[in-house]
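Notes for the structure review
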Amino acid sequence: RSSVERFEFQAEVSRLMDIIINSLYSNKDIFLRELISNASDALDKIRFISLTDKEVLGEGDDTKLEIKIKLDKENKILSIRDRGVGMTKEDLIKNLGTIAKSGTSAFMEKMQTGGDLNLIGQFGVGFYSVYLVADYVEVISKHNDDKQYVWESKADGAFAISEDTYNEPLGRGTEIRLHLKEEAAEYLEESKLKDLVQKYSEFINFPIYVWANKEVDVEVPAEDDESSDDEDKRRSRTPESTDDEEKENEDEQKPKTKTVKETAYDWERLNDVKAIWLRSPKEVTEEEYTKFYRSIAKDFGDEKPMAWSHFNAEGDVEFKAVLFVPPKAPNDLYENYYTAKRSNLKLYVRRVFISDEFDELLPKYLMFLMGLVDSDTLPLNVSREMLQQHDSLKTIKKKLIRKALDMIRKLAEEDPDESHDKDKKEEDESNENDEKRGQYTKFWNEFGKSIKIGIIEDSANRNRLAKLLRFETTKSDGKLTSLDQYISRMKSGQKDIFYITGTSKEQLEKSPFLERLKKKNFEVIFFTDPADEYLMQYLMDYEDKKFQNVSKEGLKLGKDSNDKEMKESFKELTKWWKETLASEDVDDVKISNRLADTPCVVVTSKYGWSSNMERIMQSQTL
Ligand code: ADP
Ligand code: MG
C-alpha cells in the first residue's frame with residue numbers, strides 16, 4: 001500500500017461511535033437504510049450536476065445511476081456500491097470524520113439517556129450506524145476531481161486514508177465494505193437483505209440490485225446431440241444469432257438445444273422506482289403515505305404524520321406535490337427562526353431531484369411541513385441560483401400555502417371535538433371518528449406558534465390563518481376555542497371581540513378589567529403567550545369585527561343611558577385626580593363603566609403598549 005495517513009476522529013464522533021459499536025440496540029437493520037440513503041443522495045448530486053454538464057457522467061457503465069449490493073459469505077463482507085458523485089480525499093476526511101451539523105450534541109444526549117437510534121438519520125450522522133454490524137469498515141471512493149482513495153476505520157478513535165492502488169478502479173462513486181461482526185452474519189443472507197431493502201428503501205428513486213443466486217434459464221444442448229462436431233451448430237442457436245442464420249439452419253435440422261433451470265449469480269433488481277407522487281392520490285393507501293413520510297422525513301418512529309395533502313397543480317405552472325404535517329415539532333423549531341435554513345421540502349424538476357435546501361418554496365412559518373414538489377414548468381438545465389429567481393416559483397409558493405392551509409383547516413373540521421354544531425357533535429360522539437378526536441388540539445400544541453407567526457408575517461393569508469387560531473376564554477371551560485366559535489356566541493349588540501393579555505389564565509381571571517364584562521356576560525379571550533401581544537398588533541379585525549383589548553382605552557360595552565350624567569357628577573373628582581397625578585406617566589383620568597367592584601384601574605392608551613407588552617419588552621432587553 002502507498003503511504004497511509006492517520007487521523008483522529010473529532011471527539012464527538014468518537015463518542016458517538018463508541019456508543020454505536022457497543023450498542024445492544026436490537027434494531028441493527030437500520031444501517032442498510034442509512035447506506036442506501038447516502039448512496040441515493042450521492043446519485044442525486046451527480047445527476048443534478050450532469051444537468052448542466054453532461055461530461056461528468058463519463059461513459060459506459062459509469063453513466064448508470066444505480067446502487068449495487070454484494071455479499072461475500074466467505075470473508076463476511078457486505079459491500080454496497082453506488083455510481084454517485086463520490087468523495088475526494090478532502091471530502092472523506094471532512095464527511096466521515098467530523099460532524100458539521102448542529103443538533104448532534106442533542107442526539108448524543110438523547111443516546112446516552114437511552115434514546116432511539118432509529119432516528120440517527122435525522123441528525124446527519126447516519127453513516128456511523130455501520131458500526132452496529134461491522135467492526136471494520138472500508139470506504140473506497142472516486143470523485144471526478146481526485147484519485148481513488150480508501151478510508152478505513154476500526155472505530156478505535158482513528159481512521160486512515162490512503163490512495164487506492166490495489167482495488168479495482170471504480171470509475172466514479174463509492175463502495176462501502178462492511179467487515180461484519182460475528183453476530184451480524186444474518187446480513188449475509190440474501191433473503192434478509194431483500195426484505196430490508198423492501199421494508200426501508202422502497203422510495204429510493206434509483207434501481208437497487210443485489211448480487212444474488214438466481215434461477216436462470218440456460219440453453220443447453222439437447223442430450224442426444226452431444227456429438228463432437230456440434231460446437232458450431234450450437235453457437236448458431238444462441239439468442240444472439242441473427243434471423244438469417246436461424247433460417248439458414250432451419251431447413252437442415254431441428255434445433256438441438258433445450259432450456260433448463262440453473263442457479264447462477266446475477267444482479268437482481270429489488271425495487272421498482274415508480275414515484276409515489278406521480279400516482280393518482282386515489283390509488284395511494286394510507287400506509288403508503290405513512291411509509292413515504294417516514295422515508296423523506298427520516299422519521300422512523302411509530303407515529304403517523306398528522307395530515308397530508310397530495311395534489312396535482314395544473315395551469316400555467318404545473319407541478320405535483322405531497323405535503324405532510326409531521327406528528328411532532330422538532331425541539332428547535334423556533335430557535336434561530338430568522339437565520340436557520342430549514343426547508344423540509346424536496347424540489348424535483350421533472351422527476352430529477354434538485355435540492356432540499358430550496359427555501360423559496362414555502363414561507364418560514366410553514367417550514368415545519370415536510371414533503372416534496374415536482375415541477376414540470378421549471379427549467380432543468382440552469383443553475384440553482386437561476387432557478388431561485390424563476391417566476392413560476394412565486395406561483396408554486398402561493399399554491400402550496402393555500403393547499404397547506406386547507407390541509408390544516410380540514411384537520412380541524414374532521415376533529416369531532418372541534419365541531420360548532422351541537423347536534424353534529426353528538427352524532428360524532430358515537431361514530432368511528434374517534435381516531436380524529438383531539439387531533440386539532442394536538443396540532444395546535446405542536447405548531448400553533450407557527451400559525452401565529454403566519455398571521456404576523458403573511459398579510460395575504462391573515463384571515464385564513466386567523467381561522468386556525470385557538471385560545472381559551474372566560475367561557476371556554478378550559479377548552480380551546482376558535483374565533484368563529486367566539487363570534488357564534490357573541491351577545492346581540494356586541495360589536496367587538498374582547499380579549500385580555502397576561503402571563504396566565506389564572507392571573508387574568510382575577511383581573512379587575514374583567515369584572516364588569518363578566519357581570520354583563522360578555523366572553524373575553526385570554527391571550528397568555530408572549531407571541532399573542534405581537535399577534536394582536538397585526539390582527540386588527542376578523543369577519544368585520546374589531547378586536548378590543550379590555551385593558552386598553554376605548555372599551556365600550558353598549559350604551560349606558562346615564563353616561564353623561566355620571567361624567568357630570570364626577571367632574572370635580574376627575575379634575576382633582578388629574579391635577580394630583582399630573583405627570584408624564586398619566587395621560588388622562590376618565591370616568592368609565594368598565595368596573596364593577598374595583599374602584600379604579602390603570603388603563604393603557606389605545607395606541608400604547610399594554611402592561612403585558614411592557615413586561616415582555618423588559619424581559620427581552622434584560
Ligand atoms: P447525512 O447523510 O445526513 O449527511 P451521513 O452520516 O449519513 O449524514 O453521511 C455523512 C456524509 O458523508 C454525507 O453528507 C456525504 O457527504 C458523505 N457520504 C456518505 N456516504 C456517501 C456516498 N455513498 N457517496 C458520497 N458521499 C457520501
Ligand atoms: Mg445519510
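Summarised in this report is the structure supplied together with it. (Residues numbered from 1 in each chain as written. Chains lettered and ligands numbered in written order. Predicted model: local features only at pLDDT ≥ 70, side-chain atom pairs only at ≥ 80, totals over all residues.)

**Structural notes on the overall build of the protein chain**
Summing up its helical and strand segments, the protein chain has 20 helices and 19 strands in all. Buried residues in the protein chain amount to 30% of all 622 residues. Residue pairs in contact within the protein chain that sit at least 24 positions apart in sequence constitute 73% of those at least 6 positions apart. (Helix = DSSP H or I, 4+ residues; strand = E, 2+ residues; numbered from the N terminus. Buried ≥ 20, exposed ≤ 12 C-beta atoms within 10 Å, placed from the backbone. Contact = placed C-beta atoms within 7 Å.)

**Examining the site of ligand 1**
Neighbouring ligand 1 are 17 residues; N38, A42, N95, G126 and F127 lie closest to it. A total of five residues in the shell around ligand 1 trace back to one element, the largest contributor, which is helix α2 (residues 30-52). Taken together, the residues of the shell around ligand 1 break down into seven nonpolar, seven polar and three charged. (Near = placed C-beta within 6 Å. Nonpolar A, V, L, I, M, F, W, Y, C, P; charged D, E, K, R; others polar.)

**Remarks on the nonpolar core**
With 68 residues, the main nonpolar core has L369, V373, V524 and I525 as its most contacted residues. Filtering out sequence-adjacent residues up to four positions away, V524 remains in contact with T473, T474, F498, Y499, I500, L514, L517 and V550. Listed in part, the 58 residues of the second largest apolar core include Y128, A155, L178 and Y187. (Core = buried A, V, L, I, M, F, W, Y, C linked by C-beta atoms within 7 Å.)

**Observations concerning the environment of V139**
Topologically, V139 is positioned in strand β4 (residues 134-142). Remark: the alpha-carbon pair of V139 and W151, spanning twelve residues in sequence, is separated by 4.9 Å. What V139 contacts, discounting residues up to four positions off in sequence, is L92, L96, W151, T174 and I176.

**Focus: unusual backbone geometry**
Of note, the phi angle at K298 is positive, near 50 degrees, even though the residue is not glycine. Here K298 shows up in the loop between α8 (286-297) and β10 (307-313). Take K298: there are 18 C-beta atoms within 10 Å of it, and that puts it in the partly exposed class. Its identity is not glycine, yet E543 carries a phi of approximately 50 degrees, on the positive side. By secondary structure assignment, the location of E543 is in the loop between β18 (541-542) and β19 (545-549). For E543, a count of 11 C-beta atoms within 10 Å translates into the label exposed.

**Thoughts on the sheet that holds strand β1 (residues 4-8)**
Spatially, β1-β6-β5-β4-β7-β3-β2-β8-β9 is the arrangement adopted by the nine strands of the open sheet, whose pairing is mixed. Of all strands in the sheet, those bounded by a partner on one side alone are β1 and β9 (257-269). Each strand of the sheet is rotated relative to its neighbour by a mean of 25 degrees, with strand direction disregarded. Pairing between strand β8 (residues 208-221) and β9: 13 bridges, direction antiparallel. Across the sheet, E219 pairs through a bridge with T259, a residue of β9. Of the strands in this sheet, β2 (67-72), β3 (77-82), β7 (173-180) and β8 are in contact with α2, which crosses β3 at around 20 degrees. Sheet contacts for helix α5 (residues 190-200): β2 and β8; angle to β8, the most-contacted strand, approximately 125 degrees. (Pairing = 2+ DSSP bridges. Axes fitted to C-alpha atoms, helices over the stretch in contact; angles between N-to-C directions.)

**Topic: the sheet that holds β19**
Across the sheet, which stays open at both edges, the five strands sit in the order β15-β17-β16-β19-β18 with mixed pairing between neighbours. Each of the sheet's edge strands pairs with one partner strand only, and the pair in question is β15 (472-473) and β18. Sheet topology places β18 next to β19; two bridges connect them, and they run antiparallel. For Y542, the partnering residue across the bridge sits in β19 and is K545.

**A word on the pairing of strand β5 (residues 148-153)**
Across the six residues that make up β5, a large majority, five, are buried. Where β4 meets β5, six bridges bridge the pair, whose relative direction is antiparallel. Bridging across to β5, K142 finds its partner in Q148. As consecutive antiparallel partners, β4 and β5 are separated by five residues. In terms of strand pairing, β5 meets strand β6 (residues 158-163) through four bridges, oriented antiparallel. The partner of E152 across the bridge, within β6, is A160. Adjacent in sequence and paired antiparallel, β5 and β6 are bridged by four residues, among which A155 carries a positive phi angle near 60 degrees.

**Some points on the environment of D359**
Tracing the backbone through its elements, the reader meets D359 in the loop between β13 (352-355) and β14 (370-375). Overall, the presence of 15 C-beta atoms within 10 Å leaves D359 in the partly exposed class. With 155 residues separating them along the chain, D359 and L514 place their C-alpha atoms 44 Å apart.

**Re the pairing of β14**
Across the six residues that make up β14, a large majority, six, are buried. With burial as the criterion, each face of β14 is covered, one bearing M370, L372 and D374 and the other bearing G371, V373 and S375. Sheet topology note: the strand β12 (residues 345-349)/β14 ladder contains five bridges and is parallel. Bridging across to β14, Y348 finds its partner in D374.

**Structural notes on the environment of A158**
Structurally, A158 is set in strand β6. Separated by 148 residues in sequence, A158 and Q10 have C-alpha atoms that sit 9.1 Å apart. Once residues within four sequence positions are removed from consideration, A158 is found in contact with R6, F7, E8, F9 and S153.

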